[in-house]
Amino acid sequence: MTQKVTEFLLSLVSNPADLIMKPDRAGKTGRMGGLYLGSLAALSPRFLIENDIVAVISMLPKTCLPALPPSVKYHYCCPVQDRAYDSKKLGKLLPHILPIIHRSREQGNVLVHCRAGMQRAPTVCVRYLIRYYGAEPEGAYQKIRSTRPLAFSNGVTFQKLLK
């Protein structure tokens, strides 16, 4: 196994998710929970409970997801594969997913995840920053990359959706 592969696998285990947006207790709209971006490993009950996650947005088929603790009040599954041909499908789902994330953040911390936290979930988070915070596409992309270096580290599968 190459060192790069080993480092990648260790990063998945040691860092299941990153806090992309801190909770905002003094914002104009009132309290907003934090936004976490992560991998399938972030669905561990320990991680969800320790980080007060109340909503999970899963960018995976529901069949491969574990049961979540009762503290998670909302779970939305978006069965998109990590392949370029699913770009249209994800593009059609974004107008539904983004408001769910925003409304859920009004209730508490939200986790957006995919299998590795490298493509689907980061794409959704970039689009969320653009839509709800007026971020420029490149700025949103760089924020996600700087907070979760693993994001887009193997290229950008959903390039068209980042604009």
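In what follows, the structure referred to is the one given above.
Just so we're clear, the structure is a prediction, and the values are computed from it rather than from any experiment.

Asker: Quick question: what am I supposed to make of the overall build of the protein here?
Answerer: Summing up its helical and strand segments, the protein has five helices and five strands in all. Along the chain direction, N to C, the helices and strands of the protein fall in the order α-β-β-α-β-β-α-β-α-α. Contacts spanning at least 24 positions in sequence make up 62% of the contacts within the protein whose residues lie at least 6 apart. When the accessible surface of the protein is split by element, carbon and sulfur atoms take 56% of a total near 8,500 Å².

Asker: Sorry if this is basic, but what is going on with the pairing of strand β5 (residues 109-113) here?
Answerer: For β5, a buried count of five out of five residues is recorded, marking the element as mostly surrounded by other parts of the structure. Side chains Asn 109, Leu 111 and His 113 of β5 all project onto a buried face; the interleaved residues Val 110 and Val 112 project onto the opposite face, where all are buried too.

Asker: I would appreciate a short explanation of the sheet that holds strand β3 (residues 53-58) in the present structure.
Answerer: Picture the strands of a sheet paired through backbone hydrogen bonds; they go either parallel or antiparallel. With mixed pairing, the five strands of this open sheet are ordered in space as β1-β2-β5-β3-β4. A strand with exactly one partner marks an edge of an open sheet, and here the two such strands are β1 (17-21) and β4 (74-77). Taking the axes of each pair of neighbouring strands and ignoring which way they run, one obtains an average angle of 20° across the sheet. Of the pairings in the sheet, the one linking β3 to β4 comprises four bridges and is parallel in character. By the bridge assignment for β4, Val 56 is matched with His 75. Together, β1, β2 (35-38), β3, β4 and β5 form the strand contacts of helix α3 (residues 87-105), whose direction differs from that of β4 by roughly 165°. Set on the sheet, helix α4 (residues 120-133) makes contact with β1, β2 and β5; between it and β2 the angle comes to about 155°.

Asker: Would you take a moment to explain α3 for this structure?
Answerer: Helical periodicity: at 3.6 residues per turn, an α-helix aligns residues three or four positions apart in one direction. In this model α3 runs 25 Å from its N-terminal to its C-terminal C-alpha over 19 residues, within 8% of the 27 Å that 1.5 Å per residue would give. The largest bend in α3 comes to about 45°, at Leu 94, with the proline Pro 95 one to four residues further on. Of all the residues in α3, the buried ones are Ser 87, Leu 90, Leu 94, Ile 97, Leu 98, Pro 99, Ile 100, Ile 101, His 102, Ser 104 and Arg 105. Its buried side turned inward, α3 meets β1, β2, β3, β4, β5 and α4.

Asker: I would appreciate a short explanation of the packing of aromatic side chains in the present structure.
Answerer: For any pair of aromatic rings, the description consists of the separation of the ring centres together with the inter-plane angle of the planes. Applying the stated criterion across every chain yields a total of four aromatic pairs. For the pair Tyr 128 and Tyr 132, a centre-to-centre distance of 5.1 Å together with 35° between the ring planes defines the contact as tilted. Of this pair, Tyr 128 and Tyr 132 are both found in helix α4, four residues apart, which corresponds to roughly one turn of the helix. Given a relative accessible area of 1%, Tyr 128 falls into the buried group.

Parameters at a glance
Residues numbered from 1 in each chain as written. Predicted model: local features only at pLDDT ≥ 70, side-chain atom pairs only at ≥ 80, totals over all residues. Heavy atoms only, no water. Helix = DSSP H or I, 4+ residues; strand = E, 2+ residues; numbered from the N terminus. Contact = heavy atoms within 4.5 Å. Areas by Shrake-Rupley, 256 points an atom, 1.4 Å probe, with all protein chains shown as cover. Buried < 20%, exposed > 50% of the residue type's maximum accessible area, 1.4 Å probe, protein only. Pairing = 2+ DSSP bridges. Axes fitted to C-alpha atoms, helices over the stretch in contact; angles between N-to-C directions. Expected span 1.5 Å × (residues − 1). Bend = angle between axes of the 7 residues up to and from the residue. Phe/Tyr/Trp six-rings, centres within 6.5 Å; stacked < 30°, edge-to-face > 60°.

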